[in-house]
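Fold and geometry: a report
Each chain is listed here by its residues.
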Amino acid sequence: MITVRLILRIVAEAYDVDPAEIVSQRMRDAVIWPRQLSMWLARQLTDQSLPQIGRAIGGRDHTTIRHGIERVEEILGGDPIRAAEATAIAAAIEKIAAADSLSRPVPGDIDAHAVAARVLARPSAATTISADEIRALAAAVFGANAAQQEAEHDAFHAG
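Residues numbered from 1 in each chain as written. Predicted model: local features only at pLDDT ≥ 70, side-chain atom pairs only at ≥ 80, totals over all residues. Heavy atoms only, no water.

Comments concerning the packing of aromatic side chains
Enumeration over the complete set of coordinates arrives at zero aromatic pairs. The ring of W33 carries the charged tip of R82 above its face, separated from the ring centre by 4.4 Å. (Phe/Tyr/Trp six-rings, centres within 6.5 Å; stacked < 30°, edge-to-face > 60°. Lys NZ or Arg CZ within 6 Å of the ring centre and 35° of its normal.)

Right, dumping it as structure tokens:
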């Protein structure tokens, strides 16, 4: 799951600043762009409202967040290098969030067979399954493959 905290961490790494500086009230030039980009990315990549983003980024007012987002959009529209950086950072955030999601244990209350049946009955349902359901499907497939390989191995050595 993409969170403002994850966005702050990745943006801070990309621009070699401390995440605490991004959320601070300091107006140092080196953190203004990372702070505003974090605001814009939070709006693009999360379902957080402007006030929620503001609270996560140093307790800022929603109008400050809106201004930061608008400023980033102006800059990205006229600076292809910054636009490419923003795209690369967004992609990195999405990859890291996906990897974090897949590394969590599969919840025991998800029936992978029911999820698969739902998707097979209506393929468009594949766009609505959760990350936990995807992990349950993957575990079922990989678990089945491991069991099949183990049975084949045992049969080979037994006979």
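The discussion continues.
So, unusual backbone geometry
Of note, the phi angle at D16 is positive, near 50 degrees, even though the residue is not glycine. With respect to the secondary-structure elements, D16 resides in the loop between helix 1 (4-14) and helix 2 (19-23). The exposure class assigned to D16 is exposed, which follows from its relative accessible area of 71%. (Helix = DSSP H or I, 4+ residues; strand = E, 2+ residues; numbered from the N terminus. Buried < 20%, exposed > 50% of the residue type's maximum accessible area, 1.4 Å probe, protein only.)

Let's talk about the confidence of the model for the protein chain
For the protein chain, mean pLDDT is 86; residues scoring 70 or higher make up 87% of the total. Element-level pLDDT for the protein chain is lowest in helix 8 (residues 131-158), with a mean of 65, against a maximum mean of 97 in helix 5 (residues 62-78). (pLDDT = per-residue confidence, 0-100.)

Thoughts on the environment of A30
When you line up the elements, A30 lands in helix 3 (residues 29-45). Residue class for A30 comes out partly exposed when judged on its relative accessible area of 37%.

Quick notes on the nonpolar core
The biggest cluster of nonpolar side chains holds 29 residues, and the ones touching the most others in it are L37, W40, L41, I89 and I93. Of all the elements in the fold, those that place two or more residues in this core are helix 1, helix 3, helix 4 (50-56), helix 5 and helix 6 (80-103). Excluding residues within four positions of it along the chain, W40 makes contact with I69, V72, E73, L76 and A86. (Core = buried A, V, L, I, M, F, W, Y, C linked by side-chain atoms within 4.5 Å. Contact = heavy atoms within 4.5 Å.)

A short note on the pattern of salt bridges
Pairs may arise between side chains of opposite charge once their charged atoms sit close together. The final tally for this structure, using the stated rule, is five salt bridges. Ionic pairing is found between R26 and E21, a salt bridge with its closest N-O pair at 3.8 Å. Looking at R26, the relative accessible area reads 47%, which means it is partly exposed. Between E133 and R118 there is a salt bridge, and its shortest N-O distance comes to 3.2 Å. Linking E133 in helix 8 with R118 in helix 7 (residues 112-121), this pair joins segments that are 15 residues apart in sequence. Using a relative accessible area of 15% as the deciding quantity, one classes E133 as buried. In this structure R118 comes out as partly exposed when scored by relative accessible area, which is 34%. Overlapping salt bridges, with partners in common, bring together E21, R26 and R28 in one network. (Salt bridge = Lys/Arg side-chain N within 4 Å of Asp/Glu carboxyl O.)

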